Amino acid sequence: MTGFAPEALTEDALLGGRVRLLQPRGGYRAATDPVLLAAALQARPGERALDLGCGAGAAMLCLAARVPGLELHGLEVQPDYADLARRNAALNGAEATIWEGDAFAAPAELRRIGFDLVLSNPPFFDAAAPAAPDKGRDAARRAQRDAAEWAAAALARLRSGGRLALVHRAESLPALLAGLGAGAGDVSVIPLAARAGRAAKRVIVTARKGAKGPFRLAAPLILHEGPEHLKDGDDFSREAAAILRDGAALAP
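Because the structure is a prediction, the values reported are computed rather than measured.

### Considering the environment of alanine 148
Reasoning step 1: Turning to its location among the elements, alanine 148 is positioned in helix α6 (residues 147–156).
Reasoning step 2: Residue alanine 148 is classed as buried on the basis of its relative accessible area of 17%.
Reasoning step 3: Sequence separation of alanine 148 and proline 174 is 26 residues, and the distance between their C-alpha atoms is 8.2 Å.
Reasoning step 4: With near-sequence residues (within four places) excluded, alanine 148 lies in contact with Ala175, Leu176 and Gly179.

Next up, the structure:
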């Protein structure tokens, strides 16, 4: 039987409650990354979007909440999470086609579709990293392919002129850019820093397939106020809160 039992799930809220998300209590759970990822992708109503490795559908549904009228698709290799993405789409009143399969061996029918938009939050750690106790969480954390291969796979699903956004660890930036190679331009990198004065630990990379525009390194998005966490609850910066709660765009 495919799918999580109701008692194994929690219902959480993203974008200030605009997105409701069922997530496994002990498995992979979305945090801020999919919300920021969706905010960084410029989208227009009527465009066709693919969430590559969609998990429970957090990034895809945040994108749909920000830009109504998109044609939504998700590709997920874990059947339980693909089923959860379908349930979450229904929970949010969104029409979405969720495909089951590997990002590097996508179903033939999916490969025939040219997407206007691709977004992806790939596994951050390589196969040699310590395993997580939960199988689903482990698969979402440890990649069998490197960041360059993920970037190339995302680019391959785009039509010419289509736009992509990926979020990854900062040390994976050279690999992400290598994966895009000469096949993309208008590349922007947005560093994500926990606090002012700290090094960025994650980056969001956006690009356009077949474009010739210049590379751009944006100012970092500072996620939290102050030098350290001093109070109960979140302490998001004004800019981060506008994105995470109010649906503002993350402009490169």
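On we go from here.
### Structural notes on the nonpolar core
Reasoning step 1: Of all hydrophobic cores here, the largest spans 45 residues; its most connected members are Leu36, Leu63, Ile204 and Leu250.
Reasoning step 2: Listed by contribution, the elements that provide at least two residues to this core are β2 (19–24), α1 (33–40), α2 (58–66), α3 (79–91), β6 (115–120), β9 (158–169), β10 (184–193) and α8 (238–244).
Reasoning step 3: For this core, the leading source of residues is α2, giving 7 residues.
Reasoning step 4: Filtering out sequence-adjacent residues up to four positions away, leucine 250 remains in contact with Leu36, Ala39, Ala40, Ile190, Ile204, Leu221 and Ile243.
Reasoning step 5: Counting residues in hydrophobic clusters, the runner-up holds 27 residues, among them Ala153, Leu166, Leu180 and Val187.

### Notes on the packing of aromatic side chains
Reasoning step 1: For the structure shown, the criterion picks out 2 aromatic pairs.
Reasoning step 2: Judged by centre distance (5.2 Å) and plane angle (85 degrees), the rings of phenylalanine 4 and tyrosine 81 are edge-to-face. In this pair, phenylalanine 4 sits in the segment before β1 (9–14) while tyrosine 81 sits in helix α3, placing the two residues 77 residues apart along the sequence.
Reasoning step 3: Classification of tyrosine 81 by relative accessible area gives buried; the value is 4%.
Reasoning step 4: For the pair phenylalanine 104 and tryptophan 150, a centre-to-centre distance of 5.1 Å together with 80 degrees between the ring planes defines the contact as edge-to-face. On the criterion of sequence distance, the pair formed by phenylalanine 104 in the loop between β5 (96–100) and α4 (108–111) and tryptophan 150 in helix α6 is long-range, its members being 46 residues apart.

Quick notes on the rules
Residues numbered from 1 in each chain as written. Predicted model: local features only at pLDDT ≥ 70, side-chain atom pairs only at ≥ 80, totals over all residues. Heavy atoms only, no water. Helix = DSSP H or I, 4+ residues; strand = E, 2+ residues; numbered from the N terminus. Buried < 20%, exposed > 50% of the residue type's maximum accessible area, 1.4 Å probe, protein only. Contact = heavy atoms within 4.5 Å. Core = buried A, V, L, I, M, F, W, Y, C linked by side-chain atoms within 4.5 Å. Phe/Tyr/Trp six-rings, centres within 6.5 Å; stacked < 30°, edge-to-face > 60°.

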